[in-house]
Amino acid sequence: MPLIICPDCHKEISDKAPTCPHCGHPFTPQTIQGTAKTEGIFMQSLNCGCYFILAFVGFLILLGILSVTSHSK
Ligand SMILES: [Zn+2]
C-alpha cells in the first residue's frame, strides 16, 4: 500500500485514506482527478453524439431539399 506525506502534520498515511487519521486533513487529489477525467470523457462522448446527430439531421434535410427540387422541376 503506497504511503503519502500529509501536508499538514507531515506524517505517513495511506494514499487511499480520504482524510488524515492523525490531524483529519481532508485530501483526495486522486479521486478528484479521476472524477474530472471521467466527466471529461463523458462530455467528449456526449459532444461526439451531438455532432453525429446534427450531421444526420443535416443529411436528412439535404435529402429533403434535393427531393423537393427534383420534384418541382
Ligand atoms: Zn495529517
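Every residue gets a number counted from 1 within its own chain, in the order that chain's sequence is written. Local features in this predicted model are restricted to residues of pLDDT 70 or higher, and side-chain atom pairs are both shown and tallied only at a pLDDT of 80 or more, whereas totals for entire chains, interfaces and linings draw on every residue.

Some points on the overall build of the protein
- Scanning the protein from N- to C-terminus turns up one helix and two strands.
- Residue pairs in contact within the protein that sit at least 24 positions apart in sequence constitute 0% of those at least 6 positions apart. Runs of E in the DSSP output that reach at least two residues are strands. Runs of H or I that reach at least four are helices, and both are numbered from the N terminus. Placing C-beta atoms from the backbone, we regard two residues as in contact once those atoms come within 7 Å.

Structural notes on unusual backbone geometry
- Positive phi, close to 60 degrees, is recorded for His-10, a residue that is not glycine.
- Position of His-10 among the secondary structure elements: in the loop between strand S1 (3–5) and strand S2 (12–14).
- The exposure class assigned to His-10 is exposed, which follows from the 9 C-beta atoms found within 10 Å. Comment: burial labels come from other C-beta atoms within 10 Å of the residue's own C-beta, placed from the backbone, where a count of 20 or more is buried, 12 or fewer is exposed, and between is partly exposed.

Here's the deal with the confidence of the model for the protein
- Of all residues in the protein, 78% attain a pLDDT of 70 or more, and the chain-wide mean is 81.
- Here pLDDT means the predictor's own confidence in every residue, given as a number from 0 to 100. S2 holds the highest mean pLDDT among the elements of the protein, 91, whereas helix H1 (residues 29–72) holds the lowest, 77.

Side note on the environment of Leu-3
- Note that Leu-3 resides in strand S1.
- Discounting residues that sit within four places of it in the chain, Leu-3 has contacts with Glu-12, Ile-13, Ser-14 and Asp-15.

Quick notes on the environment of Ile-5
- Note on placement: Ile-5 falls in strand S1.
- On the basis of neighbour counts, which here come to 11 C-beta atoms within 10 Å, the residue Ile-5 falls in the exposed class.
- With residues near it in sequence (within four places) discarded, Ile-5 still touches His-10 and Glu-12.

Considering the environment of Cys-6
- As for its placement among the helices and strands, Cys-6 is situated in the loop between S1 and S2.
- Taking the C-beta count within 10 Å as the criterion, Cys-6 has 18 such neighbours and is therefore assigned partly exposed.
- In sequence terms Cys-6 and Cys-20 are 14 residues apart; their C-alpha atoms lie 6.8 Å from each other.
- What Cys-6 contacts, discounting residues up to four positions off in sequence, is Lys-11, Ile-13, Cys-20, His-22, Cys-23 and His-25.

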